[in-house]
Amino acid sequence: LGLKRNLTPAEIALQPMLVQQDIEDDPAGGPRITNIVMMGMGEPLHNFDHVVTALGVMLDEEALNFSHRRVTVSTVGLVPRMKKLAETLPVNIAVSLNASTEAQRRQVMPVTLKYSMVELMQACRELPLPAGKRITFEYVMMAGFNDAMEDAARIHDLMQGVPAKVNLIPYNENPDRDIRRPTDER
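Residues numbered from 1 in each chain as written. Predicted model: local features only at pLDDT ≥ 70, side-chain atom pairs only at ≥ 80, totals over all residues. Heavy atoms only, no water.

Okay, the pairing of strand E4 (residues 135-141) next. Of all 7 residues that make up E4, 6 are buried, and the element is covered over most of its length. Two elements, strand E3 (residues 92-96) and E4, share 3 bridges in a ladder whose sense is parallel. By the bridge assignment for E4, Ala 94 is matched with Thr 136. As judged from the 7 bridges shared by E4 and strand E5 (residues 164-170), these two strands associate in the parallel manner. Counted as the bridge partner of Phe 137 is Val 166 from E5. With respect to chirality, the unit in which E4 leads through helix H6 (residues 149-158) into the neighbouring parallel E5 is right-handed. (Buried < 20%, exposed > 50% of the residue type's maximum accessible area, 1.4 Å probe, protein only. Helix = DSSP H or I, 4+ residues; strand = E, 2+ residues; numbered from the N terminus. Pairing = 2+ DSSP bridges. Right-handed = clockwise from strand over helix to strand, strands pointing away.)

Here it is as structure tokens:
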């Protein structure tokens, strides 16, 4: 659909507030929101100032009072803004990697044309992370594309020197696409 506009800080911060209010208003109740992950409706770091302002509200003990350990910002790898985010707030950072080579990543992650995997991984090694923090690398596995044992070995090598964990996510099939989910064994 393309970009129409960026969300305001209030629109971003209101989302968990409204969901929590719905939970509290439901007679059946439900668990409190304990984690926040910013992802899935565009690149959060393209809206950097508004996201940081909203995160400040989410982290403020006089406002939503979320622990920085429970707040994650997911990015495709906007290298300069990743560093700026790490310097600004102690939130968790997740990077959508989805490939083990530069050529693979260009096919599924257009940002690779601007920031190479070499630049991305070097930036991850240099992020000013607080002690004990790790970067989560999101890796959507696509059958026959990025799910070979050679891919796993390359990912292992890429992670050298990066405080990291890799989240393997089987592709969620779409009938309009030729991409397939890997087998459970894979």
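We now examine the nonpolar core. When a protein is soluble and globular, its nonpolar side chains tend to lie buried together. Core analysis: the largest hydrophobic core is formed by 44 residues, its most contacted members being Leu 55, Met 58, Leu 85, Val 95, Leu 97, Cys 124 and Phe 137. The greatest single-element share of this core, amounting to 7 residues, is contributed by helix H2 (residues 48-59). Setting aside anything within four residues of it in sequence, one finds Leu 55 in contact with Met 38, Val 71, Val 73, Leu 85 and Leu 89. (Core = buried A, V, L, I, M, F, W, Y, C linked by side-chain atoms within 4.5 Å. Contact = heavy atoms within 4.5 Å.)

Honestly, that's just the spatial picture; any functional story needs more than this.
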